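Spelled out, the chains give:
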Protein chains: 2
Amino acid sequence: MADEFSFAVNASDGGARTGVIATPRGEIRTPAFMPVGTAGTVKAMLPEHVRATGADIVLGNTYHLMLRPTAERVAALGGLHKFMNWPRPILTDSGGFQVMSLSKLRKLTEDGVSFQSHIDGSKHMLTPERSIEIQGLLGADIQMQLDECPAIPIEHEAARESMRLSARWALRSKNAFEKLAKPGQALFGIVQGANFEDLRRESLERLMEIDFPGYSVGGLAVGEGREEMFRVLEFTTPHMPIEKPRYLMGVGKPADIVGAVARGIDMFDCVAPTRSGRHGQAWTGAGAINIKNAKFADDPEPLDPASDCPASRDYSKAYLHHLFRAGEYLGPMLLSWHNLQYYQTLMAGLRAAISAGRLAAFIAGFKAATGEETL
Amino acid sequence: MADEFSFAVNASDGGARTGVIATPRGEIRTPAFMPVGTAGTVKAMLPEHVRATGADIVLGNTYHLMLRPTAERVAALGGLHKFMNWPRPILTDSGGFQVMSLSKLRKLTEDGVSFQSHIDGSKHMLTPERSIEIQGLLGADIQMQLDECPAIPIEHEAARESMRLSARWALRSKNAFEKLAKPGQALFGIVQGANFEDLRRESLERLMEIDFPGYSVGGLAVGEGREEMFRVLEFTTPHMPIEKPRYLMGVGKPADIVGAVARGIDMFDCVAPTRSGRHGQAWTGAGAINIKNAKFADDPEPLDPASDCPASRDYSKAYLHHLFRAGEYLGPMLLSWHNLQYYQTLMAGLRAAISAGRLAAFIAGFKAATGEETL
C-alpha cells in the first residue's frame, strides 16, 4: 500500500487517459466509477458485492452522514470505513450540494451555509472548515472543498460571483485540511463557472494557485443536457493539470461517462445504477430496459448469461419481473448489483481500450450496441 | 443423491430424534428449520446466503405463487427451483391456510374453497386436486395435502367435522398426487383436530390408513399459546409413526422450536426470522433485541463476533441501528440473514445435542442464556 496519495497516468488515447490513484487504503484504477454510499451504505448492496463488481472506491455523502448518525458518532465508532465495512478508499463530498438540494430554510453567506435538517428540522451550519472537520471525522481518503453549485442557466455575473465564492472557500478548505488531514488523505478543489468558458478558466487558475492533488469539475449534470455538458468539458479539461486526477461530480449515465472519458475525465460518481436498479431499470449491452415491462413476464433469459456476476447470470428476466411485481426486496437487490456490475465492466472496458489505443473503436461499439449517442 | 424419498432416524434422546430425509435434490438434516420463501424468494435474502446459513430446504407458498406469477408460468420457466435459483429441496404448502387468512369472499364446500385474490380480486377455486396440480407444476419435492385449519378455541363438534373434511381431502390429495408425482417427490398428510386429544388421534388414524411418507401437525400456532401447543404435541406425537418425519407447520419462535423438538418434531417453518429481521428484531444468544432501540446507537459490538456469518460478525449494532433509522435496505438484509443464521445454528445445536444424548443440558443452557421458557 502507498504511504501517500499519488496519481500516475499509464496510457492515453486522444484526450482520454488511464492510470492509477494510489492511496494508503488501496489503488483506484482510472477511469473509475465510484458507487454512491449515501448514508454509509451503497443502497441494497453488501459491501463485498460492491467490491466484487470491481469498485475500488465508494462515495459517502457528508450532508446525510453529518445529520445521521453524525460524524462524531462515526468517528467514535472507528471511522466510516469500519462503520460501513468497506476497508478501501472512500471519497466524501463537502455536503454543500445536498444542503442546497435537500435541506430547508438554508441561508448562504460568505462564511458558509446555515440550514435545517430535512430529517428533524434541527439547525446546522456548514462552513468550509466544518465540512473539512466532518470529512476528517469520517476519515475520508479523498475529501472535497465546500463549494456553491448554481443551476444552469445562470447569468454570467451571478456565475462569476458564485465561482469566486467557491474559490475563496477552496482556500479556506485547504487551510483547514492541512491542519486536520492524516497522511495519505487528499483534498480536491472544484472547478465552477457554469457554462462560461472564461469563468471555468478563471476558476481553474484560482484553484491551481492554491494547488490541489486533484481537481473536480462541479456544477454540471444539473439539467444542462449532455451536449452542453460535453461542450463545457471540451473547454475545461484541456487546461487541467495532466498529472492530477480529474473528477466529474455526479455523472452519470453510461453514455455520459463514455463521452466524458473521451474528454479527459478520470473519476465519476452517480446514483444512477443503484437508483435505477431499485426502480426496475437494468442496463444491458443492448441499452436500458425496464424489467417491470409485461414483455419480460415469460422471458427465461438472464440479463447477461456470459457475466461472472450472479445477479446478471443466475436469474431469469421473468424472475426479476416477478420480484418487482411482487414488491420483493430481492428485485432491487439484484438489479442494483447487476447495474453496478454493468458500470464497472464498462469502466474496465474503457481502461483496456485506452491502454490499447483503441478507444474510438470501443466507443463506436458502445454506440452501435446501445443506440446511445456519446457525441 | 437419493432416487427416492426416505427418512432415517440416526439417534434419539427422550422423545426427540435426529436424522436425515433423503430426496433426489439433496438431504435434509433433522430437526430442520425451513426458511419461508413466500413468493419464490426468502425475503431480502440471496439464495446462496440462505444455503450458507445451513438451510437444506426452503418453503414456497402455493397461495402466493398460484396467483403471481402463476404455477403454469413457473412450470413453463422450468419449475420453482430454477425460477428462484434454489436447486435444493423445496416444500410447498397446500395454499389452504393462506386462502383462509389472506383472500377475500372465500367459500368452503366439500369440493374445496373458492376465493378472490387479495392482489387483483380474480376468482379462483382450490380443491385437493388443484392444490396437488399446482404443487406439481411448481415441482415441489415435498407437497402438502389441502386441509382446513380452524382457529382455537373451537367447539368439539365443529373441530370434528373440520378434521373429517381434512381427512377426506387427504385421500383425494393422495389420489391426485399418485397420478401426477415425479419420482422422489413426497406428499405429507396433516393431522388436525384442534386441541382435542380424541380428534387428534382419530385424524392420525385416518391419515395412517391412507398412508403418507410424512405427517404434519397442523392447526397449531393459531393463537392457542405455547403451553397449549405443547400440550397438544404431547398427546399427538407419541402416536405418530416413528419411522416417518413429523412436521409442525408454521412454528415458530426459537423457544417453540426447542420445546417441540423435545416433543418429537422433526421439521419446522416460520416467517419469524425474516419478518422480525425486516422489523429490526434480532435473535442473539442472550435473547431477542430490537436494534432500533436508542441504546444501540453507539454500540460498537457486532451481534455475534464469534459467528462465521458476515451479517452477525462484520457490522456493529450501531451500524445496524443506523441502517434501520435511515430506512436502508441493508438493515433488513443483514438482520434477516443474521436471524436465519441464528435459527440454523440453533437447529445444528439441537441435532448435535440429540446425537450426543445431552438434549436436556442443551435446553437448560438455552433457557439460562435466553431467559425463554420451553416448558
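(A) Seen up close, the overall build of chain A. The helix and strand inventory of chain A stands at 15 helices and 16 strands. Scaling as 2.2 N^0.38, a compact globule of 375 residues should have a C-alpha radius of gyration of about 21 Å, and chain A matches this with 20 Å. Per-residue burial for chain A yields a buried fraction of 56% across its 375 residues. A separation threshold of at least 6 residues defines the contact pool for chain A, and within that pool the share at least 24 residues apart is 67%.

(B) Examining the pairing of strand S11 (residues 186–191) of chain A more closely. All names here are of chain A. Of all 6 residues in S11, 6 are buried, a share of seventy percent or more. Judged by which residues are buried, S11 turns out to be covered on both faces: Ala-186, Phe-188 and Ile-190 on one side and Leu-187, Gly-189 and Val-191 on the other are all buried. Pairing analysis gives 3 bridges linking strand S10 (residues 142–144) to S11, with the strands arranged parallel. In the sheet register, Ile-142 faces S11, and the bridge partner there is Ala-186.

(C) Region of interest: the packing of helix H13 (residues 317–325) of chain A against helix H14 (residues 330–355) of chain A. All names here are of chain A. Between H13 and H14, the shortest axis-to-axis distance is 8 Å and the interhelical angle comes to 130 degrees. Between H13 and H14, the angle falls in the class oblique. Seen from H13, the contacting residues are Leu-320, Leu-323 and Phe-324; seen from H14, they are Leu-330, Gly-331, Leu-334 and Leu-335.

(D) Highlighting the interface of chain A and chain B. Across the boundary between the two partners, chain A contributes 30 residues, which contact 30 residues of chain B. For the side of chain A that touches chain B, the elements supplying multiple residues, two or more each, are helix H3 (71–76), H13 and H14 of chain A. Considering each element in turn, the side of chain A that touches chain B owes the most residues, 5 residues, to H13(A). For the side of chain A that touches chain B, a count of residues per class yields 18 nonpolar, 5 polar and 7 charged.

(E) How the structure looks around the sheet that holds strand S9 (residues 123–126) of chain A. Residue and element names in this part refer to chain A. Read across the sheet, 3 strands follow the order S7-S8-S9 without closing on themselves; strand pairing throughout is antiparallel. Strand pairing shows two members of the sheet lacking a second neighbour, strand S7 (104–108) and S9, which therefore form its edges. Sheet twist, expressed as the mean angle between neighbouring strand axes with direction ignored, is 15 degrees.

(F) Spatial organisation of unusual backbone geometry. Geometrically, the link from Thr30(A) to Pro31(A) is a cis peptide bond, its omega value of -5 degrees lying close to zero. Among the structural elements, Pro31(A) can be located in the loop between strand S3 (26–30) and strand S4 (32–37). For Ala44(B), which is not glycine, the phi torsion reads 65 degrees and is therefore positive. For Ala44(B), the position within the fold is in the loop between strand S4 (32–37) and helix H1 (47–52). Overall, the presence of 24 C-beta atoms within 10 Å leaves Ala44(B) in the buried class. The backbone of Asn85(B) shows a phi angle near 60 degrees, a positive value even though the residue is not glycine. Position of Asn85(B) relative to the elements: it lies in the loop between helix H4 (80–83) and strand S6 (90–92). Take Asn85(B): there are 20 C-beta atoms within 10 Å of it, and that puts it in the buried class.

(G) Expanded view of the relation of the copies chain A and chain B. Take chain A, turn it by 180 degrees, move it 0.0 Å along the axis, and it overlays chain B with an RMSD of 0.0 Å. Taken together, the rotation and translation relating the two chain copies correspond to the operation of a two-fold axis. Among all residues of chain A, the minimum C-alpha distance to the rotation axis is found for Tyr329(A), at 3.9 Å. When you check the interface residues of chain A against chain B, 100% turn up at the interface there too, and the contact is symmetric in its surfaces.

(H) Molecular detail of helix H10 (residues 254–262) of chain B. Residue and element names in this part refer to chain B. Buried residues dominate H10, accounting for 8 of its 9 residues. Among the residues making up H10, those that are buried are Pro-254, Asp-256, Ile-257, Val-258, Gly-259, Ala-260, Val-261 and Ala-262. In the stretch just after H10, Gly-264 is the one whose phi turns positive, near 95 degrees.

(I) Here's a closer look at the sheet that holds strand S9 (residues 123–126) of chain B. Residue and element names in this part refer to chain B. Judged by pairing direction, the sheet is antiparallel, and its 3 strands sit side by side in the order S7-S8-S9 without closing on themselves. Where the open sheet ends on each side, the last strands, each with one partner, are strand S7 (104–108) and S9. Strand-to-strand twist across the sheet, computed as the mean angle between neighbouring axes with direction ignored, equals 15 degrees.

(J) The confidence of the model for chain A, seen in detail. The predicted model of chain A has a mean per-residue pLDDT of 97, with 100% of residues at 70 or higher. Listed scores for the predicted complex are pTM 0.98 and ipTM 0.98.

(K) Local environment of the pairing of strand S2 (residues 16–23) of chain B. Residues and elements named next belong to chain B. When you tally the buried positions in S2, you get 6 out of 8 residues, the bulk of the element. The pairing of strand S1 (residues 6–13) with S2 spans 7 bridges and is antiparallel. Paired with Ala-8 across the bridge in S2 is Val-20. In this sheet, strand S3 (residues 26–30) lies alongside S2 in antiparallel orientation, the contact comprising 5 bridges. Residue pairing in the sheet places Val-20 in a bridge with Arg-29 of S3.

(L) Looking closely at the environment of Gly19(A). All names here are of chain A. For Gly-19, the position within the fold is in strand S2 (residues 16–23). Through-space distance from the C-alpha of Gly-19 to that of Asp-3 is 18 Å; in sequence the pair is 16 residues apart. With near-sequence residues (within four places) excluded, Gly-19 lies in contact with Phe-7, Ala-8, Val-9, Asn-10 and Thr-30.

(M) Seen up close, helix H9 (residues 226–236) of chain A. Taken as a whole, H9(A) has its buried residues at Arg226(A), Met229(A), Val232(A), Leu233(A) and Thr236(A). Along the long axis of H9(A), the arc covered by the buried residues comes to 125 degrees, so they all point the same way.

(N) Region of interest: the environment of Leu65(A). All names here are of chain A. Along the chain, the position of Leu-65 falls in helix H2 (residues 62–67). As a C-alpha pair, Leu-65 and Leu-80 span 15 residues in sequence and 9.4 Å in three-dimensional space. Filtering out sequence-adjacent residues up to four positions away, Leu-65 remains in contact with Ala-39, Gly-40, Gly-60, Ala-71, Val-74 and Leu-138.

(O) Structural context of the environment of Ser114(A). Residue and element names in this part refer to chain A. For Ser-114, the position within the fold is in strand S8 (residues 113–116). Since 17 C-beta atoms lie within 10 Å of it, Ser-114 is described here as partly exposed. Remark: the alpha-carbon pair of Ser-114 and His-124, spanning 10 residues in sequence, is separated by 5.7 Å. Excluding residues within four positions of it along the chain, Ser-114 makes contact with Arg-106, Lys-107, Lys-123 and Met-125.

(P) Molecular detail of the packing of helix H7 (residues 156–180) of chain B against helix H8 (residues 197–210) of chain B. Residue and element names in this part refer to chain B. Contact geometry of H7 with H8 gives a least axis separation of 10 Å together with a crossing angle of 15 degrees. Regarding the angle of H7 to H8, the classification is roughly parallel. Crossing handedness for the pair H7 and H8: right-handed. Between H7 and H8, the residues in contact are Ala-159, Arg-160, Met-163, Ala-167, Ala-170, Leu-171 and Lys-174 and Leu-199, Glu-202, Ser-203, Arg-206, Leu-207 and Ile-210, respectively. Its residues assigned to classes, the contact of H7 with H8 comprises 8 nonpolar, 1 polar and 4 charged.

Cut-off values and rules
Residues numbered from 1 in each chain as written. Chains lettered and ligands numbered in written order. Predicted model: local features only at pLDDT ≥ 70, side-chain atom pairs only at ≥ 80, totals over all residues. Helix = DSSP H or I, 4+ residues; strand = E, 2+ residues; numbered from the N terminus. Rg over C-alpha atoms; globule rule 2.2 N^0.38 Å. Buried ≥ 20, exposed ≤ 12 C-beta atoms within 10 Å, placed from the backbone. Contact = placed C-beta atoms within 7 Å. Pairing = 2+ DSSP bridges. Axes fitted to C-alpha atoms, helices over the stretch in contact; angles between N-to-C directions. Parallel < 35°, antiparallel > 145°, perpendicular 65-115°, else oblique. Nonpolar A, V, L, I, M, F, W, Y, C, P; charged D, E, K, R; others polar. Least-squares fit on C-alpha atoms with pLDDT ≥ 70 in both. pLDDT = per-residue confidence, 0-100. Arc of directions from axis to C-beta. Left-handed = near helix turned anticlockwise from the far one by under 90°.

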